[in-house]
Amino acid sequence: MSRRKTVLDIQAMKGRGEKICALTCYDYPTARIIDTCGVDLILVGDSAGVVFSGFDNTLPVTVEDMLYHTRAVVRAKPDALVVADLPFLSYQVDMREARLNSGRLVKDGGAEAVKLEGGKNVADIIRGIVDMDVPVMGHIGLTPQSIHRMGGYKVQGKKEAAGAFSIVLEGIPLKLARKITAELSIPTIGIGAGPWCDGQILVLHDILGICDKYSPKFVKKYADAKTLISSAVSRYSQEVKSGEFPDEEHSFL
Ligand code: KIV
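Before going into details, it helps to say that this report is about the structure given with it.

The rules behind the values
- Residues numbered from 1 in each chain as written.
- Predicted model: local features only at pLDDT ≥ 70, side-chain atom pairs only at ≥ 80, totals over all residues.
- Heavy atoms only, no water.
- Phe/Tyr/Trp six-rings, centres within 6.5 Å; stacked < 30°, edge-to-face > 60°.
- Lys NZ or Arg CZ within 6 Å of the ring centre and 35° of its normal.
- Patch = residues over 30% accessible without salt bridge, like charges linked within 9 Å, V, L, I, M, F, W, Y side chains within 5 Å.
- Areas by Shrake-Rupley, 256 points an atom, 1.4 Å probe, with all protein chains shown as cover.
- Salt bridge = Lys/Arg side-chain N within 4 Å of Asp/Glu carboxyl O.
- Buried < 20%, exposed > 50% of the residue type's maximum accessible area, 1.4 Å probe, protein only.
- Helix = DSSP H or I, 4+ residues; strand = E, 2+ residues; numbered from the N terminus.
- Lys, Arg positive; Asp, Glu negative; His and termini not counted.
- Contact = heavy atoms within 4.5 Å.
- Charge placed at Lys NZ, Arg CZ, Asp CG, Glu CD.
- Near = heavy atom within 4 Å.
- Polar contact = N/O pair within 3.5 Å; in protein donor to acceptor, adjacent residues only side chain to side chain.
- Nonpolar A, V, L, I, M, F, W, Y, C, P; charged D, E, K, R; others polar.
- Core = buried A, V, L, I, M, F, W, Y, C linked by side-chain atoms within 4.5 Å.

This part takes up the packing of aromatic side chains. Applying the stated criterion across every chain yields a total of one aromatic pair. A cation sits over an aromatic face here: Arg 178 above Trp 196, 3.9 Å from the ring centre.

For the rest of this paragraph, the subject is a nonpolar patch on the surface. A surface patch of nonpolar side chains, about 280 Å² in accessible area, is lined by Phe 88, Leu 89 and Val 93. Of the residues examined, Val 93 reaches a relative accessible area of 54% and is grouped as exposed.

Topologically, Glu 117 is positioned in the loop between strand S4 (113-115) and helix H6 (123-131). Buried and without a salt bridge, Glu 117 has Lys 115 as its closest oppositely charged side chain, separated by 4.4 Å. Beyond its immediate chain neighbours, meaning those up to four positions away, Glu 117 contacts Asp 46, Tyr 91, Val 122, His 139, Thr 143, Pro 144, Gln 145 and Ser 146.

Our focus in this paragraph is a negative patch on the surface. Among the surface-exposed residues, Glu 244, Asp 247, Glu 248 and Glu 249 lie close enough to one another that they form a single negatively charged patch. The residue Asp 247 is located in the segment after helix H10 (225-242) in this model.

Taken together, Thr 24, Leu 43, Gly 45, Asp 46, Ser 47, Asp 85, Lys 115, His 139, Val 168, Ile 191 and Val 203 make up all the residues around the ligand. With respect to the ligand, the side chain of Asp 46 contributes an N or O atom lying 3.0 Å from an oxygen atom. In the environment of the ligand, an oxygen atom lies 3.1 Å from a nitrogen or oxygen atom belonging to the side chain of Asp 85. Here the ligand loses 96% of its free accessible area of 250 Å² to cover by the protein chains. Class assignment for the residues of the shell around the ligand results in four nonpolar, four polar and three charged.

Before going further, it helps to examine the nonpolar core. With 51 residues, the main nonpolar core has Leu 41, Val 83, Leu 116, Ile 129 and Phe 165 as its most contacted residues. For this core, the element with the highest residue contribution is helix H4 (residues 63-74), accounting for five residues. The contacts of Leu 41, once residues within four sequence positions are left out, are Ile 10, Cys 21, Ala 22, Leu 23, Ala 80, Leu 81, Val 83 and Met 137. Within the second largest apolar cluster, ten residues are counted, among which are Ile 172, Leu 176, Ile 180 and Ile 186.

Fair warning: the whole summary comes from geometry, so function is off the table for now.
So this is what it looks like as structure tokens:
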């Protein structure tokens, strides 16, 4: 019988040299499906703001948005560890807000851990959240909430450190990611950071080929869901307009 993974399970995978498979998810039906596919960690990412809600970047995402998505995912009772993203302006201003918003994502959202972006600049905040027993996942390199400071989404080469149960390395040259992975005792989860991280994460909508708005080099498309959805909906529309649907089979006699 399977059971919900904990942060200790994720950390133990690094010790065993077992790769960690992480994926984003924002809703109940998808969480039910992906939890049967060998995903160890579900990130309810603030990428939802872009691929789910249609914003140009993640900055407009609110704690209420993250609570909504996290609750939907948790309702699927996944065995994967559920980590909820702290959105922009929910942890940067002061410790009280950072702790309160982290606590809400765990208490009201049902997540087991939170993720936040930044290195040394957020180390104290990470410690403050961990001190109230909420595990934190760090995120360094190309941090989408810093889009205006970085002048766009570009590969980052800076080494930063943060204390957390695990850390996302995004848009980092592969040799640097290998070095960070070797030096850290906590698992590194790469996205655009090469093959030597302890695990990998991608945005679900990117691997399914639903969103063609933005496709970075590191994304591998495993399906063409956009074509699948548009062909199903076009057939439905044609059948409704031609009167072919509904037929007797789909009606009450
Ligand atoms: O919000 C998100 O989906 C993320 C991942 C891409 C790591 O931060």
